[in-house]
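# Descriptive structure summary
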Amino acid sequence: QVQLVESGGGLVQAGGSLRLSCAASGRSFSRDVMGWFRQAPGKEREVVAAISWGGDNTYYGDSVKGRFTISRDNTKNTVNLQMNSLKPEDTAVYYCAGKAGGRGTTAAVYDYAYWGQGTQVTVSS
């Protein structure tokens, strides 16, 4: 089983940037699809971004396109999310998640089998 630990969350002003990192342990995730999701109070969990196991295929939610960038380093077992031009509506708990095997990416929450504990991102106006 893979364990995921997110880091890098915090409080930032609107227009600022944050970089989230997700470190995996337990086994290599180099063949897994990885994703970042977020959940704001009272809202459903939604996809932020996803990346294929080779890193050549990415997916972004409409609300973050052009502002966020997902990347991965399979040699270090890490997945990162660079978040720029942050808005108050980006405030949420951000989760890293993995789907064992498969090609391409997927935005469906139910496709992901293992999850981190989440990290809080708060964007002030």
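Our structure is the block above this text.
A brief report on the enclosed structure follows. From a predicted model like this one, the values you see are computed outputs, not experimental measurements.

## Considering the nonpolar core
Trp36, Leu81, Met83 and Tyr94 are the most contacted members of the largest nonpolar core, which totals 28 residues. Only β3 (18-25), β4 (33-39), β5 (46-51), β7 (68-73), β8 (78-83), β9 (92-99) and β11 (119-124) provide two or more residues apiece to this core. Here this core gets four residues from one element, more than from any other, and that element is β3. The next biggest cluster of nonpolar side chains, apart from the first, holds six residues, and it includes Val33, Val47, Ala97 and Tyr112.

## Points about the sheet that holds β7
As summarised here, the arrangement of the four strands in space is β1-β3-β8-β7, forming an open sheet in which the pairing is antiparallel. In the strand order of this sheet, the two ends are held by β1 (3-7) and β7, each with one partner. Taking the axes of each pair of neighbouring strands and ignoring which way they run, one obtains an average angle of 15° across the sheet.

## Here's the deal with the pattern of salt bridges
Scanning the entire structure with this criterion turns up five salt bridges. For Asp32, the salt bridge goes to Arg27, with nearest N and O atoms at 2.9 Å. Judged by relative accessible area, which is 3%, Asp32 ranks as buried. Arg27 sits in the partly exposed class, given a relative accessible area of 33%.

## Some thoughts on the side chain of Asn77
Relative to the helices and strands, Asn77 resides in the loop between β7 and β8. From its side chain, Asn77 meets the backbone oxygen of Arg27 in a polar contact 3.3 Å long. Discounting chain neighbours no more than four positions away, the residues touching Asn77 are Cys22, Ala23, Ala24, Arg27, Ser28 and Phe29.

## Some thoughts on the environment of Leu11
By the secondary structure assignment, Leu11 is in strand β2 (residues 10-13). Sequence spacing of Leu11 and Pro41 is 30 residues, and the spatial spacing of their C-alpha atoms is 16 Å. Every residue in contact with Leu11, bar those within four places of it in the chain, is listed here: Thr122 and Ser124.

## Things to note about the packing of aromatic side chains
Per the stated rule, a full pass over the model turns up four aromatic pairs. With 4.9 Å between their ring centres and 75° between their planes, Phe37 and Tyr112 make a pair best called edge-to-face. With Phe37 in strand β4 and Tyr112 in the loop between β9 and β10 (114-115), this pair connects stretches of sequence that are 75 residues apart. With respect to class, Phe37 is no different from Tyr112; both count as buried.

## What to know about unusual backbone geometry
Backbone geometry at Asn77 places phi at a positive 60°, although glycine is not the residue there. Exposure remark for Asn77: the relative accessible area of 13% places this residue in the buried category. In the Ramachandran plot, Ser85 falls in the positive-phi region, its phi being about 50° despite a non-glycine side chain. Looking at where Ser85 falls in the secondary structure, it is placed in the loop between β8 and β9. With relative accessibility at 40%, the residue Ser85 sits in the partly exposed group.

## Some details on the state of the cysteines
As enumerated under the stated definition, the model contains one disulfide in all. Residue Cys22 pairs covalently with Cys96 via a disulfide, S to S 2.1 Å. Here the disulfide of Cys22 and Cys96 is left-handed, its torsion about the S-S bond being about -80°. Note that Cys22 is positioned in strand β3 and Cys96 in strand β9, a separation of 74 residues in sequence.

How each quantity is defined
Residues numbered from 1 in each chain as written. Predicted model: local features only at pLDDT ≥ 70, side-chain atom pairs only at ≥ 80, totals over all residues. Heavy atoms only, no water. Core = buried A, V, L, I, M, F, W, Y, C linked by side-chain atoms within 4.5 Å. Buried < 20%, exposed > 50% of the residue type's maximum accessible area, 1.4 Å probe, protein only. Helix = DSSP H or I, 4+ residues; strand = E, 2+ residues; numbered from the N terminus. Pairing = 2+ DSSP bridges. Axes fitted to C-alpha atoms, helices over the stretch in contact; angles between N-to-C directions. Salt bridge = Lys/Arg side-chain N within 4 Å of Asp/Glu carboxyl O. Polar contact = N/O pair within 3.5 Å; in protein donor to acceptor, adjacent residues only side chain to side chain. Contact = heavy atoms within 4.5 Å. Phe/Tyr/Trp six-rings, centres within 6.5 Å; stacked < 30°, edge-to-face > 60°. Disulfide = S-S within 2.5 Å.

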